[in-house]
Every structure is written in structure tokens, then in C-alpha cells.
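Residue-level structure breakdown
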Amino acid sequence: MPEPAEASATEEFTDDAEYGWWRDTHPDGFILAVRTRSKPLLHKAGCPEVDRDVHPGRLRARGARQICSDTKSALRTWVARELPADGKLVDRCPKCGP
């Protein structure tokens, strides 16, 4: 059975150039920063807190992931599927206020 469109509307990039391209070409998009020791944190795509050039160590640390999407709802669906223990607990970046 194929995934619903909403669930497949997220992308994750291991390559920094592809990630940077996505951020540059999706200015109205959102990025969910996932770290092992804290709740997922939602950012606007243009937020410097999720810029790998600005914060390479933090964003490339073991267990750190950045999940990209054009919609917040696709990211909520991703959290419910991939991080069921966190449920729908997603904090919002205080700097960019998504």
C-alpha cells in the first residue's frame, strides 16, 4: 500500500549541498530539527538555527536530523510515525516563530 501524500511530503538530506539547495528553494517551508536529548524543534526554512554552514557541529552531531517539508502538517505526521514516544510534542523555535 503506498504512503499517503502527506506522509511522503517530507525529505531528509545527508548531503549538505542538497540540504542547502532545499532551504534556498523552499523559503516558505519548514524544518524539524530532531536531536536525541530534546523534543523536536520546528523552524522556518530560512532560520539560521538550522543552517548547517552556521551551526555545522550541532546539526551534524550524532543523532541530529533535519526533516524538511513545505507543510507543518506533514512534519506532524512524520513525528507521529517516526517518534511515537514524542507523540505530537513539537516545540517551536523562539527565534523564527514558525
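Presented here is an overview of the structure given in this document. The shown structure was predicted, so the numbers you read here are calculated from the model rather than taken from an experiment. (Residues numbered from 1 in each chain as written. Predicted model: local features only at pLDDT ≥ 70, side-chain atom pairs only at ≥ 80, totals over all residues. Heavy atoms only, no water.)

1. Notes on the sheet that holds strand E5 (residues 91–92)
Pairing within the open sheet is mixed, and its five strands lie in the order E1-E4-E2-E3-E5. Across the chains shown, the open sheet's two edge strands, defined by having one partner strand only, are strand E1 (10–12) and E5. Here strand E3 (residues 38–44) runs beside E5; their pairing, made up of two bridges, is parallel. In the sheet register, Leu41 faces E5, and the bridge partner there is Asp91. Contacts from helix H3 (residues 72–82) reach E1, strand E2 (30–35), E3, strand E4 (65–69) and E5, with the element oriented near 25 degrees to E2. (Pairing = 2+ DSSP bridges. Helix = DSSP H or I, 4+ residues; strand = E, 2+ residues; numbered from the N terminus. Contact = heavy atoms within 4.5 Å. Axes fitted to C-alpha atoms, helices over the stretch in contact; angles between N-to-C directions.)

2. As for the pairing of E3
The pairing of E2 with E3 spans five bridges and is classified as antiparallel. Residue pairing for E3: Phe30 is matched across the bridge by Lys44. Between E2 and the antiparallel strand that follows it, E3, lie two residues.

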